[in-house]
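# Analysis of the macromolecular model
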Amino acid sequence: MMRILRYLLLTVIGLLLLGTMAPAMELSGDFAAVLAVEPVSIESETSKFKFDMEGILNLELYLGDLSVENAMVLSIGGLQFQAVKLESVLSWLNIDDTFIFAPNIIEFDDDLMNTVVAASPDTGGIVGVPLALFFQDPVSQLDLTRLLSPTLNGPLVFRKKIVEVTTTATGINPRFVILLADLGSTQTPSLQFGGIFEVSGCTPWGVGLSAATYIGARGGGECFGVCKPEERLYSGRVVEGLSLEEEKISITGIELGGMSLGIHASFDLRGSSPGLPKLEIESSFTWQGLQIEQTALLVHGLQLAQDRLSIDYALDDLKLNLSLLDETGNLSYPCKQLKLKTNIGRLQVENLMAISPDSGLYNALTLSIVTSGIELTSKTELLGGGFYSERLGLGTEIAGITFSSDVTFHSGFLLRGRAMLQVEF
Amino acid sequence: MKMRLQTYGLLLFSFGLILLLSACSGPQNVKLKVGNVILRPGERGTVTISVINPPDLKMIQVGPVGKLTFDPTVIHVIAVRGINGFQVLASGIDNVAGEVQFAAGFPGSSIGPIKNGWVWVKLAIIELEVEAVGDSGAFCALEVSAVDLLADRNGREIMLAGIIAGEVILR
């Protein structure tokens, strides 16, 4: 722990020294301390608590066209994540260079569930887990910490480097991303390379075009530590071998009879013969004050796999969105979702109502109000028509320190509590 | 002005409805659903078993009383696997009687509705790898006779509102 504190202190002093050496330099950042607790047992009202505590430090140093960002996550086990990003902006060239240090690396797919496809070290029971379950927070925050903590036993080592170069030349915007990841263990590193080469631009008629080639890399993301929001990256994930993996092509902004069209095609280039494209066709238009959007997903040789219809309506403070989803391919839209957002005086109201076959009603009602400088929020969820969860939150700012806390009750028990203090400088 | 009043009237009605539903706090209409699959003779495929409206589901056990039944002259079950975080702790496959039993759990966590652009309240937890052994045109139902245990993250029993059978069709 002392070693970690020394390291933290040295980093801060180092950046402060740099800041004082050059008067043009500017240092800013924020520090957050987060405490999450959950009851050990719900058998009695006097349960002991399990808890997780962490500190998140973000530092940003600006020196003209160069900036240095440093993000660190410290937990009970010590320093579990560090990211250093160097960004330089020239007149026509932008270079971002990011280094990630962590004891582990978790790779997840860009599918609906953000499914884990690889973990290093792989201590079992992690591959195949849907991270969306934890990212969207229907479970306790300590669950993911429990799941990933066996992978944190090793020292902090280099895990990933991302070099992103973007430039603008005569209306064409090339973007090169070089990825280098260590997918091995701390004892036996296994470095893998990958790259994403993207070209985008716009025709004189306003049609946007982009093409991205993935070599030794695929869409998706990687996360580190216990995969907290600060520890997630969505810049693509490196895969073994340096072969063509994916090709993504987008055409947007096609105007046709008052309708705007967009086409996104994704080709899987693995194997001897490139697979048929996954095609997403978006269309949108306005009719009688209604904003209507349709998104069709075609797979396996243009077979309709999913169709979404979204209708937006706004009147003063009231915003309504009706979404219909069809996964049967016959446009019967069995799943329906209605979102409502409005203000009644100082009270902000959001309601999400979803109905699908066999499941009945899902409803989430969020109310928030600011009174005497304190923000109070409540979120009530119904599942299958019955009560599922209630989250109560409180947030305020005193003398430049932001304080927020919330407790979540599920049907018949306390799931977890959380408190956070944050200061910006 | 009239439209605005109508809008707020609708809003108040919605609140009243939601409060009424919240006060009911009844069961969450939890169901087990076996999926469908179409195969060619000799082909292998997968059938998923999903839970609809999973309220912090952690454990499921079909057996020793309950079982998933199928016609062994139409398909054989090759493997039972856990998906979406679920791990099969024990399983038994009888391709003579046409029965499968299993126990599965999600170590360290539980599942609930996932909100990822859309609210997904149906989550697959078990995958059966099946092989079509019957002739073209044959079909069979995949029925779960009973669920012995369905428990949440605190070990409390979850009341099951229904079981929806699946089907395998050979084309």
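Residues numbered from 1 in each chain as written. Chains lettered and ligands numbered in written order. Predicted model: local features only at pLDDT ≥ 70, side-chain atom pairs only at ≥ 80, totals over all residues.

## Things to note about the overall build of chain B
Short version of the rule: Helix and strand labels come from DSSP, where a helix needs a run of H or I of at least four residues and a strand needs a run of E of at least two; each type is numbered from the N terminus. Think of it as a crowd count around each C-beta: if 20 or more other C-beta atoms lie within 10 Å the residue is buried, if 12 or fewer it is exposed, and in between it is partly exposed, with C-beta placed from the backbone throughout. The contact criterion used here is simple: two residues whose C-beta atoms, placed from the backbone, lie within 7 Å are in contact.
On a plain count of helices and strands, chain B comes out with one helix and 15 strands. Across the 171 residues in chain B, those meeting the buried criterion constitute 37%. At a minimum sequence separation of 6, the contacts of chain B that also span at least 24 residues come to 75%.

## Quick word on the overall build of chain A
For clarity, the threshold we go by: For this measure, only C-alpha atoms enter the radius of gyration; the expected value for a globule follows 2.2 Å times N^0.38, where N is the number of residues.
Secondary structure summary: chain A contains three helices and 28 strands in total. Computed over the C-alpha atoms, the radius of gyration of chain A is 24 Å, within 12% of the 22 Å expected from 2.2 N^0.38 for a compact globule of 425 residues. Within chain A, counting contacts between residues at least 6 apart in sequence, those at least 24 apart form 40% of the total.

## Focus: the interface of chain A and chain B
How big an interface is tends to be stated in terms of accessible area lost as the parts join. The criterion, for reference: In the scheme used here, Gly and all other residues not listed as nonpolar or charged are polar, with Ala, Val, Leu, Ile, Met, Phe, Trp, Tyr, Cys and Pro taken as nonpolar and Asp, Glu, Lys and Arg as charged.
Tallying the contact residues gives 41 residues for chain A and 40 residues for chain B. Counting residues per element, the ones that place at least two in the side of chain A that touches chain B are α2 (132-135), α3 (141-148), β21 (318-326), β22 (335-344), β23 (347-356), β24 (360-371), β25 (374-383) and β26 (386-398) of chain A. Taken together, the residues that form the side of chain A that touches chain B break down as 21 nonpolar, 16 polar and four charged.

## Remarks on α3 of chain A
All names here are of chain A. Among the eight residues of α3, seven are classified as buried, and the element is accordingly described as predominantly covered. Among the residues making up α3, those that are buried are Gln141, Leu142, Asp143, Leu144, Thr145, Leu147 and Leu148. Buried-residue contacts for α3 involve β1 (26-39), β2 (49-63), α2 and β28 (413-424).

## Let's talk about the nonpolar core
To keep it simple, the criterion reads: As used here, a nonpolar core is made of buried Ala, Val, Leu, Ile, Met, Phe, Trp, Tyr and Cys residues. They are joined through C-beta atoms within 7 Å.
One finds Ile106 and Leu131 of chain A together with Ile125 and Ile126 of chain B to be the most contacted residues of the largest nonpolar core, which totals 87 residues. Once you skip the residues sitting within four places of it in the chain, Ile106 of chain A turns out to touch Val116, Ala119, Ile126, Glu222, Cys223 and Cys227 of chain A.

## Focus on the environment of Gly373 of chain A
Mapped onto the fold, Gly373 of chain A is located in the loop between β24 and β25. When the C-alpha positions of Gly373 of chain A and Thr396 of chain A are compared, they lie 6.2 Å apart, and in sequence the two are 23 residues distant.

## Observations concerning the pairing of strand β4 (residues 57-62) of chain B
Remark: a regular strand shows side chains that alternate across the two faces of the sheet. Residues and elements named next belong to chain B. Our working definition: Any two strands are treated as partners once DSSP identifies two or more bridges connecting them.
Sheet topology note: the β4/strand β13 (residues 149-152) ladder contains four bridges and is antiparallel. The residue bridging Leu57 from the neighbouring strand is Asp152, located in β13. Across four bridges, the pairing between β4 and strand β8 (residues 99-105) is antiparallel. For Met59, the partnering residue across the bridge sits in β8 and is Gly105.

## Let's talk about the sheet that holds strand β1 (residues 30-34) of chain B
Hydrogen bonding along the main chain pairs the strands of a sheet, whether they run parallel or antiparallel. All names here are of chain B. To be explicit about the condition: All axes are obtained by fitting lines to C-alpha atoms, using only the stretch in contact for helices, and the reported angles, taken between N-to-C directions, cover 0 to 180 degrees.
Within the open sheet, the five strands sit side by side as β6-β11-β3-β1-β14. Their pairing is mixed. Unpaired on one side and paired on the other, β6 (75-82) and β14 (160-164) mark the two borders of the sheet. Going from strand to strand, the sheet's axes swing by 20° on average, the running direction of each strand aside.

## Quick word on unusual backbone geometry
If a residue is not glycine, its phi is most likely negative; likewise, a peptide bond is most likely trans. Of the consecutive residues Ser120 of chain A and Pro121 of chain A, the connecting peptide bond is found in the cis state with omega at -5°. Mapping Pro121 of chain A onto the fold places it in the loop between β7 (116-120) and α2. Put simply, Gly63 of chain B and Pro64 of chain B share a cis peptide bond, and its omega is 5°. Counting through the fold element by element, Pro64 of chain B comes out in the loop between β4 and β5 (68-69). Backbone geometry places Ser372 of chain A, a non-glycine residue, at a positive phi of 50°. Examined against the element boundaries, Ser372 of chain A turns out to sit in the loop between β24 and β25. Its identity is not glycine, yet Ala399 of chain A carries a phi of approximately 50°, on the positive side.

## Considerations on the confidence of the model for chain B
All names here are of chain B. The following threshold applies: As a per-residue quantity, pLDDT reports the predictor's confidence and falls between 0 and 100.
In the predicted model, chain B carries a mean pLDDT of 89, and 85% of its residues have values of at least 70. Within chain B, helix α1 (residues 2-24) has the poorest average pLDDT of any element, 57, and β5 the best, 98. Interface confidence in the predicted complex, given as ipTM, is 0.83; pTM for the same model is 0.85.

## Comments concerning the sheet that holds strand β6 (residues 105-108) of chain A
Residue and element names in this part refer to chain A. Strand order in the open sheet made by the four strands is β7-β6-β13-β14, with antiparallel pairing throughout. The strands lining the two open edges of the sheet, one partner per strand, are β7 and β14 (232-233). In this sheet, β7 lies alongside β6 in antiparallel orientation, the contact comprising four bridges. Bridging across to β7, Ile105 finds its partner in Ser120.

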